Protein chains: 2
Amino acid sequence: MNDIPFDPYQRACPSRTVLDRVTDRWTVLVVGALEAGPLRFTELAHRVDGVSQKMLTQTLRGLERDGLVTRTVHAEVPPRVEYHLTDAGRGMLEPIHAIERWTLAHADAVLTARAEYDTVHAAS
Amino acid sequence: MNDIPFDPYQRACPSRTVLDRVTDRWTVLVVGALEAGPLRFTELAHRVDGVSQKMLTQTLRGLERDGLVTRTVHAEVPPRVEYHLTDAGRGMLEPIHAIERWTLAHADAVLTARAEYDTVHAAS
DNA sequence: CAGTATCCCGCAGGATACTG
DNA sequence: CAGTATCCTGCGGGATACTG
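As the structure is a computational prediction, the values presented were derived from the model and not from experiment.

Chemist: Just checking my understanding: could you explain the pairing of strand β2 (residues 69-74) of chain A for this structure?
Modeler: A regular strand carries its side chains on alternate faces of the sheet. Residue and element names in this part refer to chain A. Where β2 and strand β3 (residues 80-85) come together, 6 bridges link them in antiparallel fashion. Counted as the bridge partner of T70 is H84 from β3. In this antiparallel pair of consecutive strands, β2 and β3, the connection spans 5 residues.

Chemist: Would you explain the protein's contact with DNA strand D in this entry?
Modeler: Around DNA strand D lies a shell of 15 residues, among which A:S52, A:K54, B:T42, B:R71 and B:Y83 are the nearest. A distance of 2.7 Å separates a phosphate oxygen of DNA strand D from a polar atom in the side chain of B:R71. Within the side chain of B:Y83, one N or O atom sits 2.5 Å away from a phosphate oxygen of DNA strand D. Looking at the surface near DNA strand D element by element, the count peaks at 3 residues for helix α4 (residues 53-65) of chain A. Across the surface near DNA strand D, the residue classes break down as 7 nonpolar, 4 polar and 4 charged.

Chemist: Would you explain the relation of the copies chain B and chain A in this entry?
Modeler: Two copies of one chain are present, and they are related through a rotation about an axis combined with an axial shift. Once chain B is rotated about the relating axis by 180° and shifted along it by 0.0 Å, it coincides with chain A to within an RMSD of 0.0 Å. Here the symmetry operator amounts to a two-fold rotation axis. Every residue of chain B has its C-alpha some distance from the rotation axis, and the shortest such distance is that of B:T23, at 2.2 Å.

Chemist: Help me understand the pattern of salt bridges, please; the structure alone is not making it clear to me.
Modeler: Two side chains bearing opposite charge may form a pair once their charged atoms approach each other closely. Considering all chains together, one arrives at 20 salt bridges over all chains under this definition. Salt-bridge contacts for A:R25 lead to B:D20; the nearest nitrogen and oxygen are separated by 3.5 Å. One end of the pair, A:R25, is in helix α2 (residues 25-34); the other, B:D20, is in helix α1 (residues 15-22), on a second chain. A:R25 sits in the partly exposed class, given a relative accessible area of 27%. The shortest N-O distance in the salt bridge between A:R80 and A:E76 comes to 2.6 Å.

Chemist: Looking at this structure, I do not really get the packing of aromatic side chains. What am I missing?
Modeler: Given two aromatic rings, their pairing is described by the distance between the two centres and the angle made by the two planes. Enumeration over the complete set of coordinates arrives at 0 aromatic pairs over all chains. Over the ring of A:W26 we find A:R25; its NZ or CZ atom is 4.5 Å from the centre of that ring.

Chemist: Explain the interface of chain B and chain A to me, please; I cannot follow it from the model alone.
Modeler: Often, the extent of an interface is quoted as the loss of accessible area upon association of its parts. On the chain A side, the residues contacting the 53 residues of chain B number 53 residues. For chain B, the biggest contributors to the area lost against chain A are B:Y9, B:R65 and B:W102; these three give 16% of the whole. Inspection of the region where chain B meets chain A yields 10 salt bridges. B:D66 serves as the salt-bridge partner of A:R114, at 2.6 Å between the closest nitrogen and oxygen. Applying the counting rule to chain B against chain A returns 19 residue pairs in polar contact (both at pLDDT 80 or more). Class assignment for the residues of the side of chain B that touches chain A results in 25 nonpolar, 11 polar and 17 charged.

Chemist: Whenever I open this one, the packing of α4(A) against helix α6 (residues 93-120) of chain B confuses me. Can you help?
Modeler: Packed helix pairs are specified by the crossing angle of their axes together with the interaxial distance, meaning the distance between the axes. At a minimum axis separation of 8 Å, α4(A) and α6(B) run at an interaxial angle of 110°. Relative to α6(B), α4(A) is oriented roughly perpendicular. Note on element contacts: α6(B) touches α4(A) through B:A113, B:R114, B:Y117 and B:D118, opposite A:R61, A:E64 and A:R65. Its residues assigned to classes, the contact of α4(A) with α6(B) comprises 2 nonpolar, no polar and 5 charged.

Calculation criteria
Residue positions are given per chain, counted from 1 along the sequence in the order it is written. As a convention, the first chain written is A and the first ligand written is 1, with the rest following in written order. A pLDDT threshold of at least 70 governs which residues receive local features in this predicted model, and a stricter bar of 80 or more applies before side-chain atom pairs are shown or counted, although totals over entire chains, interfaces and linings include all residues. Only hydrogens and water are removed before side-chain values are computed, so all heavy atoms of the structure are retained for them. The criterion for strand pairing is that DSSP finds at least two bridges linking the strands in question. For helices the rule is a DSSP run of H or I covering at least 4 residues; for strands it is a run of E covering at least 2, with both sets numbered from the N terminus onward. When at least one non-hydrogen atom of a residue lies within 4 Å of a molecule or strand, that residue is treated as near it. Any pair of nitrogen or oxygen atoms within 3.5 Å is treated as a polar contact; in protein, a donor-acceptor pairing is required on top of that, and neighbouring residues in sequence qualify only through side-chain atoms on both sides. Residue polarity is assigned by list, with Asp, Glu, Lys and Arg as charged and Ala, Val, Leu, Ile, Met, Phe, Trp, Tyr, Cys and Pro as nonpolar; anything else, Gly included, falls into the polar class. Least squares is used to superpose the copies, and the fit set is the C-alpha atoms of residues whose pLDDT is at least 70 in both copies. A side-chain nitrogen of Lys or Arg and a carboxyl oxygen of Asp or Glu constitute a salt bridge if their distance falls within 4 Å. Working definition: with a 1.4 Å probe on protein chains only, accessible area under 20% of the residue-type maximum means buried, over 50% means exposed, and in between means partly exposed. Only centres within 6.5 Å qualify two rings of Phe, Tyr or Trp (six-membered ring in Trp) as a pair; their planes then separate them into stacked at under 30 degrees, edge-to-face at over 60, and tilted for everything else. Any Lys NZ or Arg CZ that is within 6 Å of a ring centre and within 35 degrees of that ring's normal is treated as a charge sitting over the ring. Any pair of residues with heavy atoms lying within 4.5 Å of one another is described as a contacting pair. By buried area we mean the combined loss of accessible area, with a 1.4 Å probe, across both parts when two parts are placed together. The axes used here are C-alpha line fits, helices contributing only the stretch in contact, and every angle between their N-to-C directions lies in the interval 0 to 180 degrees. An angle below 35 degrees is read as roughly parallel, one above 145 as roughly antiparallel, one from 65 to 115 as roughly perpendicular, and any other as oblique.

Right under this line is the structure:
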């Protein structure tokens, strides 16, 4: 049991490293892509458009390390490796859905605000 | 009206830059800190422990640019500057709450999984 | 197919110093 | 107090090449 509660607003709190995982761009997209079901490495690379193999590997290893994704190797030739969410990983879908919902709902407003701001604060 | 719907899974979709805002570490903490009410620059720096003045300024400018935060300068000496969420910014609280909830709820499990993983995959 | 291994560049972001 | 302005370094992350 913990004597000290987690608080991401504190610099030294370990929970901040956990926060970093949820607020990772590729993590959000990869976990979101895995919601519909297990995917292979290449399939993921296609779904998450623009991710490099290095970043995809790195993201998947991190998710595996955190117990959010499981990596299954099927003994075949050519090899088939599938990634699927664990129960803990599926828990991440709630914040991810909220993030995606907000992004889609406010994208227009934000982009408009940006253009407006840049017009007003245009460099001479 | 948009002929093309936003899709953050597509590399070139502008919504990905909006996604980047919500998935920014300091953004989440700053907006979360502003939920309770307006705060001054220094107060924010204290609440969001560990943020450098440079990153705080940068984060606030970004939020202002995106129309999520308003900056109010009170004509006093010494100057008093207050930041508060706009309605759009308050909308970001939903994903942020979900993120914070998940972080606090799964921090223990994730940290344990990490330790376990690192033990098993220890470098020789 | 599903990676690992390198090389390398740009820039995120901290530290420090200065201003209205 | 609330910043801006520089300098500088580490590493995020892309490109490329190689392997089981």
